[in-house]
Amino acid sequence: MDIKELKFDEKGLIPAIVQDFYTKKVLMLAYMNEESLKISIEEGKTCFFSRSRQELWRKGATSGNVQNIVSIRTDCDMDTLLVDVIKEGPACHTGSESCFFNDIVEADKENGFSYQGLYDMLVGRKIEKKEGSYTTYLFEKGIDKILKKVGEECTEVIIGAKGGDKAETIYEIADLAYHVMVLMIEMGITLEDVTTELSKRHIIDKKIKQEKMQ
């Protein structure tokens, strides 16, 4: 379709909802004008128009957290864009994967768990430095303390599994997963980074299988 068919507002802007291509998690809401949309299409990376600075801004130009565009779609009214991206780093300037992390109505915690939700909560502990928080304590102590805990939890998983205790092994794996996630945040590694790496291996596995079948 032609960009001219889109319904830009009286200021020449159109809202762009950016979501993660892999998880479909909403990352941010920004605005584009006709020029920034054309740049986004031509360069394959998101470019927006800053309403506060009244200028174009390429996402990740200074932070390195660029967003590689997979697709751009419009809604039925042609006045909103949905941009699927593969991101390189957090979407939010706070370091959170998504700009949407402040709850107004909280989800049922018993049914609402997700690895991304846990990751975002841990990022919040690093930023807000909540007093009495074990997670904040780990971030304050730094990489050596975090690595020590990861090593200890690895050992606990091995002990539980070696003893044939399934329940204990599950418990220790959960502890290990938590501490590994803290390590990831400390090092600036996202869940998407790991997902992307695993997807690359999956593709390689497919190619190997295909080659064997030939």
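Residues numbered from 1 in each chain as written. Predicted model: local features only at pLDDT ≥ 70, side-chain atom pairs only at ≥ 80, totals over all residues. Heavy atoms only, no water.

J.: Where do I start with the overall build of the chain in this structure?
T.: When helices and strands are counted, the chain shows six helices and six strands. Starting at the N terminus, the α and β elements of the chain follow one another as β-β-α-β-β-β-β-α-α-α-α-α. Taking 214 residues into account, the globule formula puts the C-alpha radius of gyration at 17 Å, and the chain, at 21 Å, lies well above it. Looking at the 214 residues of the chain, the share that counts as buried comes to 35%. Summarising the internal contacts of the chain: among those between residues at least 6 apart in sequence, 49% fall at separations of at least 24. Accessible area of the chain: about 13700 Å², with a carbon and sulfur share of 55%. Within the chain, the 38 negative side-chain charges are centred at a point lying 3 Å from the centre of the 30 positive side-chain charges. (Helix = DSSP H or I, 4+ residues; strand = E, 2+ residues; numbered from the N terminus. Rg over C-alpha atoms; globule rule 2.2 N^0.38 Å. Buried < 20%, exposed > 50% of the residue type's maximum accessible area, 1.4 Å probe, protein only. Contact = heavy atoms within 4.5 Å. Areas by Shrake-Rupley, 256 points an atom, 1.4 Å probe, with all protein chains shown as cover. Lys, Arg positive; Asp, Glu negative; His and termini not counted. Charge placed at Lys NZ, Arg CZ, Asp CG, Glu CD.)

J.: Sorry if this is basic, but what is going on with unusual backbone geometry here?
T.: Of all residues except glycine, most have a negative phi; of all peptide bonds, most are trans. Positioned with a positive phi, Gln54 is a non-glycine residue whose angle comes to about 55 degrees. Along the chain, the position of Gln54 falls in the loop between β3 (47-50) and β4 (55-58). Residue class for Gln54 comes out exposed when judged on its relative accessible area of 56%. Unlike most non-glycine residues, Lys129 shows phi in positive territory, near 50 degrees. Among the structural elements, Lys129 can be located in the loop between α2 (115-128) and α3 (134-141). The exposure class assigned to Lys129 is partly exposed, which follows from its relative accessible area of 41%.

J.: Which parts of the structure should I look at to understand the pattern of salt bridges?
T.: Here the structure, examined in full by the defined rule, presents eleven salt bridges. Arg73 serves as the salt-bridge partner of Asp84, at 3.4 Å between the closest nitrogen and oxygen. A residue pair is termed long-range when its members are at least 10 positions apart, and Asp84 in strand β6 (residues 81-87) and Arg73 in strand β5 (residues 67-74) qualify at eleven residues. Judged by its relative accessible area of 3%, Asp84 is buried. Looking at Arg73, the relative accessible area reads 42%, which means it is partly exposed. When the shortest N-O distance is used, the salt bridge between Lys126 and Glu186 registers 3.1 Å. With Lys126 in helix α2 and Glu186 in helix α5 (residues 166-187), this residue pair connects regions lying 60 residues apart in the sequence. Using a relative accessible area of 28% as the deciding quantity, one classes Lys126 as partly exposed. Residue classification places Glu186 among the partly exposed residues on the basis of a relative accessible area of 26%. One network of salt bridges, in which partners are shared, links Lys4, Glu34 and Lys38. (Salt bridge = Lys/Arg side-chain N within 4 Å of Asp/Glu carboxyl O.)

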